[in-house]
2 protein chains.
Amino acid sequence: MSVKRTLHHFPLDPASRLVRLALGEKRLAFEAAVCRYWEQPEDLVRLNPSGLVPVLVEELEGGPLVLCETRAIVDHLEEAEPEPPLLGRDVAERAEARRLVQWFDRKFDFEVNSLLLYEKLEKRLTKSGAPDLANLREGREALKGHLCYLEGLLGERDWLAGRRLSLADLQAAAHLSVIDYFGDVPWGDFANLRVWYMKLKSRPCFRPLLADRWPGLAPAGHYDDLDF
Amino acid sequence: MSVKRTLHHFPLDPASRLVRLALGEKRLAFEAAVCRYWEQPEDLVRLNPSGLVPVLVEELEGGPLVLCETRAIVDHLEEAEPEPPLLGRDVAERAEARRLVQWFDRKFDFEVNSLLLYEKLEKRLTKSGAPDLANLREGREALKGHLCYLEGLLGERDWLAGRRLSLADLQAAAHLSVIDYFGDVPWGDFANLRVWYMKLKSRPCFRPLLADRWPGLAPAGHYDDLDF
């Protein structure tokens, strides 16, 4: 009894990428509807009052189930399709995975994305002028701090939240892969992180992300290279 | 077999308040340790690398379980102490509660707290000068938009996510109660929301929040009044 799923997403949105990776790891098929969310299309706002992607619609027997944004989507997938589990098998692993998921949702998003992605991506999409160099510099500095922290974690662990791949890895990879599209991750300075990203990049769930291209925004040369 | 719990929190932090309300609704006792997080105290940073509150520590048989920030804490409580459930009983209610929880974590926090609470609270705590009037105005405008949206939801439903009280109500009340401490919620313009807040304010879980006072920051006159 396979469920028909449609994901409304934007290819270079970290939150959308998290959901694509989670669906991929759970081997759940879905139709992808690319959504220019910054234009506030009517069908998106009707589905999600915040006007944001991702939105996953499942066609269930009783009618469509509309799941808005990452928390509702990934927690629902974890409950409805528990294998393989993406949140760890014991309380400590689950707590650690959730801590890191929230780290990216709030801290990384605020300190890095609101500067670096805003300047490099959103301003391009919304045609609001040239990137502000001071913001780019500040965003790259903040990014370095986050990379140092992740590098340290991966010195002690195989995966970010412990011994097994978890939602924390998918979340970190979703975010870093967008920044890597723009060539802004200094992989050479972070050996553990680079190995971790190579492992993730080689997984089947990652392939669709590496094929993403957006008109007018060419990715960095190494973006889809598995041995970068 | 009751678990010994310690919550590291700051009384006027919306995220900390969400956890206090969730613990209260589930009738779980805990020791409260007030934390001046903006001073980055060493014991907090040791518990939570992001340096943020809330952090809940549970003394389990195998050793302490450290739960950092709201997602790890409330999802763990929901799994470990399922009654009463705070996430709804069917998939649609759960999806709606999670959507609204994330709405406040990201949208409300970004559009309202980063202006209004930053100017009124954080600048005071960190002694970084007088509030910027343009930011206050912009924050209050954004707040109005959110209140209109919630008012509309409560025109169709008893509680924010449906027929039963859920984590969405606790999250909204956690945020609005801090703004109400500063007297910035125009309740008179939002009849449904006011009734909803009166119901919440009367619950036992809310009493400790209404008793909160921070030195040098007096609450609005109606702050702890059940018939405001």
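Participant: Mind showing me how you'd approach unusual backbone geometry here?
Facilitator: Trans is the prevailing form of peptide bonds, just as negative phi is the prevailing case for residues other than glycine. A cis amide bond links Val53(B) to the next residue, Pro54(B), at an omega of 0 degrees. One can find Pro54(B) in the loop between helix 2 (42–47) and strand 3 (55–60). Note that the residue after Glu83(B), namely Pro84(B), is joined by a cis bond; omega there is -10 degrees. The phi dihedral of Lys127(A) is positive, around 50 degrees, even though this residue is not glycine. Structurally, Lys127(A) can be placed in the loop between helix 5 (116–125) and helix 6 (133–156). Its identity as a non-glycine residue notwithstanding, Arg27(B) has a phi of 55 degrees, on the positive side. In this fold, Arg27(B) is placed in the loop between helix 1 (14–25) and strand 2 (31–34). Classification of Arg27(B) as exposed rests on a relative accessible area of 75%.

Participant: I'm lost on helix 8 (residues 191–201) of chain B in this one. Help?
Facilitator: An α-helical segment advances 3.6 residues per turn. Residues three or four places apart therefore align on the same side. Residue and element names in this part refer to chain B. Residues Leu193, Trp196, Tyr197, Leu200 and Lys201 constitute the buried set of helix 8. Burial along helix 8 is one-sided: seen end-on, the buried residues are contained in an arc of 135 degrees. Turning to helix 8, the residues buried within the fold contact helix 6 (133–156), helix 7 (167–181) and helix 9 (207–210).

Participant: Would you take a moment to explain the side chain of Arg5(B) for this structure?
Facilitator: Residue and element names in this part refer to chain B. As for its position among the elements, Arg5 is in strand 1 (residues 4–9). Overall, Arg5 belongs to the buried group, its relative accessible area being 4%. Only 3.2 Å separates the side chain of Arg5 from the side chain of Glu81, close enough to count as a polar contact. When residues no more than four places from it in sequence are discounted, the contact partners of Arg5 are Leu23, Leu28, Ala29, Phe30, Glu31, Leu56, Val57, Glu58, Leu77 and Glu81.

Cut-off values and rules
Residues numbered from 1 in each chain as written. Chains lettered and ligands numbered in written order. Predicted model: local features only at pLDDT ≥ 70, side-chain atom pairs only at ≥ 80, totals over all residues. Heavy atoms only, no water. Helix = DSSP H or I, 4+ residues; strand = E, 2+ residues; numbered from the N terminus. Buried < 20%, exposed > 50% of the residue type's maximum accessible area, 1.4 Å probe, protein only. Arc of directions from axis to C-beta. Contact = heavy atoms within 4.5 Å. Polar contact = N/O pair within 3.5 Å; in protein donor to acceptor, adjacent residues only side chain to side chain.

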